[in-house]
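# Coordinates in review
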Amino acid sequence: MSNSQPRRIICKLGTNLLTSGSDRLDPGVLEEVVRQVADLRSDGAQVAVVTSGAVTAGQARVGVTQTRSSVGARQALAAIGQAQLVQRYDSLLQRYGLTAAQALITRGDVAERRGYLNVRNTLLRLLQYGVVPIINENDVVADEELRGGAFGENDALSALIANLIDADLLILLSDVEGVYDRDPRTHDDARLIPVLPNPVSMMQAAGDVDQRSRGGMRAKLEAARRASAGGTEVVIASGHEPNVISRIAAGERLGTLIPADTTVRDSRERWLLAGLHNGEGIDLDRGAVIALTTQGRSLLAAGITNVRGQFERGDIIQLYGADDIPVAVGISNYSSAETIRIRGKKSSQIADELGYNYGSAVVHRNNLALLPNPD
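These remarks concern the structure in this document.

About the cut-offs
- Residues numbered from 1 in each chain as written.
- Predicted model: local features only at pLDDT ≥ 70, side-chain atom pairs only at ≥ 80, totals over all residues.
- Heavy atoms only, no water.
- Helix = DSSP H or I, 4+ residues; strand = E, 2+ residues; numbered from the N terminus.
- Buried < 20%, exposed > 50% of the residue type's maximum accessible area, 1.4 Å probe, protein only.
- Salt bridge = Lys/Arg side-chain N within 4 Å of Asp/Glu carboxyl O.
- Phe/Tyr/Trp six-rings, centres within 6.5 Å; stacked < 30°, edge-to-face > 60°.
- Lys NZ or Arg CZ within 6 Å of the ring centre and 35° of its normal.

Of all residues except glycine, most have a negative phi; of all peptide bonds, most are trans. Despite not being glycine, Asp 166 has its phi angle at roughly 55 degrees, a positive value. Along the chain, Asp 166 turns up in the loop between α7 (155–165) and β5 (169–174). Taking the relative accessible area as the measure of exposure, Asp 166 reaches 31% and is therefore partly exposed. If you check the backbone angles, Asn 243 has positive phi at about 50 degrees while not being a glycine. If you trace the backbone, Asn 243 turns up in the loop between β6 (233–238) and α10 (244–249).

Below is the structure:
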């Protein structure tokens, strides 16, 4: 942790933590979280909570089970559960003289720069009022997270919020102690990594999603990478550790710390880094990666080897290097269909292939933000 105490903090709470591994929310966990949030507020910090648990709360309310394979059912349960969830937070916060504000956000709300700024202004005003924003994906209208895309069990959403509000600290809480050098479920000698300057180094070894939540360690590492790239310190820790939020905010070393990138990012870069995509993007050859990461150049069609997913001109996409790791994000000048046709070609051949062109760069360097070096 840095020497100065963080003044703007985001706490992200995973499903497994909030349920303590059961099929319903654990009121004791919620009470402990709110108590620590209240302590931080009394110390002058601004705090936002990114929370999972709406579907679980909805299930408990109406007595429905076995719905995880049905997106429609999960959307309905999320609508029921969101009301239950924010009511619980608000009731608990009122004990400390605090007020909750519900903020349901979809990728579409912030994909356009104007929407991004509107959400930012709203959240910053709530924090100025001393209110605690309770933030979640709006699953009622956006089913990507329920299908395993979009924000991915709110890990990526928390990184987005960190970039939105210029947070000093993002605390990712779950039922694991932090990042280990190997899977502790299968290796008795696995050791906790106290400081991880480069989360990419562990992403390939990280496990995939678990059965109850839609996240997992890889999702947390990717969220940490994006938040730290925007200037936010990130800690991945166990929410079952006593007073974990208060202790981390006070500077105690718990879990795994991912230090903030000291590079100053402007607001446009922070928007690009927010993760406003579902993995759509372009695979690059080694020459293109070098041109982007060390020479400050734009991405040309000649350096593209593959196209992932479908996207339109003007969409934010990921640019992938080796080992399936994104090296940058940017705004595409061409759609996925157009990019497939011009990949590997010289810039002078684009007009011949398409009958028109939008410039020589598929992603211009002015519309591009580099992610931390994966090496």
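This paragraph deals with the pattern of salt bridges. If you walk through the whole model with that rule in mind, you get 13 salt bridges. One salt bridge in this structure joins Arg 35 and Asp 39, with 3.3 Å as the shortest N-O distance. On the criterion of helical spacing, the pair formed by Arg 35 and Asp 39 is a turn pair, its members being four residues apart in helix α2 (residues 27–42). The exposure class assigned to Arg 35 is partly exposed, which follows from its relative accessible area of 23%. Of the residues examined, Asp 39 reaches a relative accessible area of 31% and is grouped as partly exposed. A salt bridge links Asp 189 to Arg 182, with the nearest nitrogen and oxygen atoms 3.7 Å apart. Residue Arg 182 is classed as partly exposed on the basis of its relative accessible area of 38%. Overlapping salt bridges, with partners in common, bring together Lys 12, Asp 155 and Lys 220 in one network.

Attention now goes to the packing of aromatic side chains. In the structure shown here, the tally under the stated rule is two aromatic pairs. Taking the centre distance of 5.5 Å and the plane angle of 55 degrees together, the rings of Tyr 356 and Tyr 358 count as tilted. For Tyr 356, a relative accessible area of 34% puts it in the partly exposed group. By way of ring pairs, the aromatic residues Tyr 334, Tyr 356 and Tyr 358 are connected into one cluster. Over the aromatic face of Tyr 320 sits the side chain of Arg 308, whose NZ or CZ is 3.6 Å from the ring centroid.

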